[in-house]
Amino acid sequence: MESGQWHMEKRLSFKNASSTDNIDSENVLECGTLSIVVLGASGDLAKKKTFPALFNLYRQGFLPPNEVHIFGYARSKMSDDDLKDRIRGYLLPSKNVTSQISEDVASFLRLIKYVSGSYESEEGFRLLHKEISKYECEQHTQDGVSRRLFYLALPPSVYPSVCRMIKLCCMNNSDNGGWTRVIVEKPFGKDLDSAEQLSSQIGELFNESQIYRIDHYLGKELVQNLLVMRFANRLFLPIWNRDNIDNVQIVFKEDFGTEGRGGYFDEYGIIRDIIQNHLLQVLCLVAMEKPVSLTPENIRDEKVKVLQAVNPINDEEVVLGQYEGYREDPTVPKDSNTPTFATVVLRIHNERWEGVPFILKAGKALDSRKAEIRVQFKDVPGDIFKCRKQGRNEFVIKLQPLEAIYMKLTMKQPGLDMSTVQSELDLSYKQRYHEVVIPEAYERLILDTLFRFQAAWEIFTPLLHRIDQGQLKCAPYKPGSRGPAGADELLHRAGYVQTHGYIWVPPTL
């Protein structure tokens, strides 16, 4: 980044960065080396998200080169230089590559060491431990004060075996202020039983302070901003309830299909992959009560209260779809009933939200790519301007692309008569913060922890089992369309009023 672009405090050292797992942070300072191990280093997630996120943290000063070393581990047989060549292109921006950026990439890549090995056997992990210990020894780190962070960029099916190998072969020798931590990312299991089994298997190996269950969606800038907007602005306090809000939509749309990942996607489907975790996280932030503080525990407790208040899902308020051509992927079963599209209405049984439908919609191969939160308010009583046909007030948070927050309002159209038109109060990030680089969600992964996942699975497991058993079928839809026709009908039944003729246009500089 060019000088002056980062409007944030740079961290000069990792010392004092976080508390130890088992020792009071007021009495012991973190002063050892930090070894970050990316397991699954040869995969798409690692090269497209994990390594670029680490690079951005490095450039901001969060990963000082004198304290940090990065290890890649995977089955693939390749050298250090092979791994660096794989990820180099994902570290450089698509345009305006300056000499400073090129130098930063080169210095970052010098921190990376690759180790090849199996995920099920000790040999590879003992070699990994040997390389980590060699680095720690070279840095003259006192025994037991080093820190080891294992990021599992892997399918959940291999989490147990990998965690066993980490516990058996790669832990710190003693606890003198150092720690070993493991990051696992959702989807975490396929239903409540499998998630609890997976959690139990990992929990037998590590204590809770060592396990970080994360969801990168919570790291998105506008998702993070949602808490601030709700609880730091008096404007929203009296209107954020069932008396004023008619419905809430949380939408995730992609304009491409599975693109060669059909076999993997077919194991999960759009509900497990997107709705049950990512969109449900966002719902909690929209619906939760104000926490007593911003500590992860207090925020988590308020989220869990929301999830526990969600009514069982009514099949009449579910629309499933599968885009035409999905089963042509040779890795997808010809009789697959896995949804690539779903609209699900959730209803929260509490004082604030009783009667307000929360509509979660996600799909692949649709007509556009976007993720947004759309809060639609009720009609104005006694409409003297007869402007109801133009649409309702809406508060919209666009998460991607073109991050923005805007409020749809009815205004007087310029002219002699009293005609009305819909306009907006708009905060477009690229215009307002054009010199600030918005962090990628994955840059927050290391520090993010996740609330109890059991409550989320309890909501969706019965529906997922009915789908898996064939009780609910997917309706076909054409790639590039809005999805099954039944989805729009469900929105209408849930009370959403679509605005015709209004299109949000991103402002230009």
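None of the values given here were measured: they were computed from a predicted structure. (Residues numbered from 1 in each chain as written. Predicted model: local features only at pLDDT ≥ 70, side-chain atom pairs only at ≥ 80, totals over all residues. Heavy atoms only, no water.)

Undergrad: Go over the overall build of the chain, please, and point to the residues and values.
TA: Within the chain one finds 12 helices and 15 strands. Burial status across the chain gives 54% buried among its 509 residues. If you take every contact in the chain between residues at least 6 apart in sequence, the share linking residues at least 24 apart comes to 77%. Here the chain displays about 23900 Å² of accessible surface, and carbon together with sulfur accounts for 50% of that area. (Helix = DSSP H or I, 4+ residues; strand = E, 2+ residues; numbered from the N terminus. Buried < 20%, exposed > 50% of the residue type's maximum accessible area, 1.4 Å probe, protein only. Contact = heavy atoms within 4.5 Å. Areas by Shrake-Rupley, 256 points an atom, 1.4 Å probe, with all protein chains shown as cover.)

Undergrad: Describe the packing of helix α5 (residues 159–169) against helix α6 (residues 192–203), and please don't skip the residues or the numbers.
TA: Their axes nearest at 9 Å, the elements α5 and α6 cross at an angle of 5°. By the angle between their axes, α5 is roughly parallel relative to α6. In this structure, α5 contributes Tyr 159, Pro 160 and Cys 163 to the contact, and α6 contributes Leu 198, Gln 201 and Ile 202. Among the residues forming the contact of α5 with α6, the class breakdown is 5 nonpolar, 1 polar and no charged. (Axes fitted to C-alpha atoms, helices over the stretch in contact; angles between N-to-C directions. Parallel < 35°, antiparallel > 145°, perpendicular 65-115°, else oblique. Nonpolar A, V, L, I, M, F, W, Y, C, P; charged D, E, K, R; others polar.)

Undergrad: Run through the packing of aromatic side chains, naming residues and quoting values.
TA: Under the defined criterion, the tally for this structure stands at 14 aromatic pairs. Aromatic pair Phe 55 and Phe 108: ring centres 5.4 Å apart, planes at 65°, arrangement edge-to-face. Of the two residues, Phe 55 is situated in helix α1 (residues 44–59) and Phe 108 in helix α3 (residues 99–109); the sequence distance between them amounts to 53 residues. Comparing Phe 55 with Phe 108 shows no difference in burial state: the two are buried. When the centroid spacing of 5.0 Å and the interplanar angle of 55° are considered together, the rings of Phe 236 and Phe 395 count as tilted. In this pair, Phe 236 is assigned in the loop between α7 (221–232) and β7 (245–253) and Phe 395 in strand β12 (residues 394–400), connecting sequence segments 159 residues apart. Its relative accessible area of 10% is what places Phe 236 among the buried residues. Given a relative accessible area of 6%, Phe 395 falls into the buried group. Ring-pair connections join several aromatic residues into one group, and the members of that group are Phe 265, Tyr 323, Tyr 326, Phe 341 and Tyr 477. (Phe/Tyr/Trp six-rings, centres within 6.5 Å; stacked < 30°, edge-to-face > 60°.)

Undergrad: Any chance you could break down the nonpolar core for me, citing the residues and the numbers?
TA: Counting 77 residues, the largest nonpolar core has Ile 271, Leu 346, Phe 358, Phe 395 and Phe 460 as its most contacted members. Per-element accounting of this core gives the leading share, 13 residues, to helix α8 (residues 262–287). With sequence-adjacent residues up to four places away left out, Phe 395 is seen in contact with Met 229, Phe 236, Trp 240, Ile 373, Arg 374, Val 375, Phe 377, Ile 405, Tyr 406 and Met 407. (Core = buried A, V, L, I, M, F, W, Y, C linked by side-chain atoms within 4.5 Å.)

Undergrad: Let's hear about α5: which residues, and what values?
TA: With 8 of 11 residues buried, α5 is to be regarded as a mostly interior element. For α5, the full list of buried residues reads Tyr 159, Pro 160, Ser 161, Val 162, Cys 163, Met 165, Ile 166 and Cys 169. Buried residues in α5 make contact with β1 (34–39), α4 (122–138), β4 (147–152), β5 (179–185) and α6.

Undergrad: Residue-level account of the pattern of salt bridges, with values.
TA: Per the counting criterion, the structure on display carries 26 salt bridges. Note that Asp 44 is salt-bridged to Lys 47, the shortest N-O span being 3.6 Å. With a gap of 3 residues between them, Asp 44 and Lys 47 both fall in helix α1, about one helical turn apart. Its relative accessible area of 40% is what places Asp 44 among the partly exposed residues. For Arg 147, the salt bridge identified is with Glu 67, shortest N-O distance 4.0 Å. (Salt bridge = Lys/Arg side-chain N within 4 Å of Asp/Glu carboxyl O.)

Undergrad: Could you give an account of the environment of Glu 403, naming the residues involved and the relevant values?
TA: Along the polypeptide, Glu 403 turns up in the loop between β12 and β13 (404–412). Between the C-alpha atoms of Glu 403 and Ala 371, which are 32 residues apart in sequence, the distance is 9.5 Å.

Undergrad: Can you break down the pairing of β5 residue by residue, with the values?
TA: Put simply, side chains in a regular strand alternate between the two faces of the sheet. Burial analysis of β5 places 7 of its 7 residues in the buried class, which makes it a mostly covered element. Burial of the side chains of β5 extends over both faces: Trp 179, Arg 181, Ile 183 and Glu 185 are buried on one face and Thr 180, Val 182 and Val 184 on the other. Two elements, β4 and β5, share 5 bridges in a ladder whose sense is parallel. Residue pairing in the sheet places Leu 149 in a bridge with Arg 181 of β5. (Pairing = 2+ DSSP bridges.)

Undergrad: Which residues make up the environment of Cys 474, and what values go with them?
TA: Relative to the helices and strands, Cys 474 is located in the loop between α11 (454–468) and β15 (475–477). Between the C-alpha atom of Cys 474 and that of Leu 320, which follows or precedes it by 154 residues, the distance is 4.7 Å. Discounting chain neighbours no more than four positions away, the residues touching Cys 474 are Leu 320, Gly 321, Gln 322, Asn 337, Thr 338 and Pro 339.

Undergrad: Before we move on, can you summarise the state of the cysteines with the specific residues and values?
TA: Tallied over the full model, the rule gives 0 disulfides. Cysteine Cys 170 shares no disulfide, and the gap to the nearest cysteine sulfur, in Cys 169, comes to 5.7 Å. (Disulfide = S-S within 2.5 Å.)

Undergrad: Could you give an account of the confidence of the model for the chain, with specific residues and numbers?
TA: Overall, the predicted model of the chain reaches an average pLDDT of 81, with 78% of residues at or above 70. Predicted confidence is poor over residues 1–29, with pLDDT under 50, and the contacts of this stretch with residues over four places away or in other chains come to 64 contacts. Note that pLDDT drops below 50 for residues 441–453; the model gives that stretch 56 contacts with residues more than four away or on any other chain. (pLDDT = per-residue confidence, 0-100.)

Undergrad: How would you explain the packing of α1 against helix α2 (residues 80–91) if you had to name every residue and give the values?
TA: The geometry of α1 relative to α2 is characterised by a closest axis approach of 9 Å and an angle of 75° between their N-to-C directions. Overall, the two elements α1 and α2 adopt an arrangement that is roughly perpendicular. Of α2, the residues touching α1 (which contributes Lys 47, Lys 48, Phe 51, Pro 52 and Phe 55) are Leu 83, Arg 86, Ile 87, Tyr 90 and Leu 91. Looking at the contact of α1 with α2, its residues break down into 7 nonpolar, no polar and 3 charged.

Undergrad: Just give me the short version of α1, but keep the residues and values in it.
TA: With 16 residues, α1 should cover 22 Å at 1.5 Å per step; its first-to-last C-alpha distance of 22 Å lies within 8% of that length. Of all the bends found along α1, the most pronounced is centred on Thr 50 and spans about 30°, while Pro 52, a proline, follows it within four residues. (Expected span 1.5 Å × (residues − 1). Bend = angle between axes of the 7 residues up to and from the residue.)

Undergrad: Can you break down the side chain of His 129 residue by residue, with the values?
TA: Along the chain, the position of His 129 falls in helix α4. Among the residues examined, His 129 registers a relative accessible area of 18% and is labelled buried. Those residues in contact with His 129 that sit more than four places away from it in its chain are Arg 148, Cys 169, Cys 170 and Met 171.

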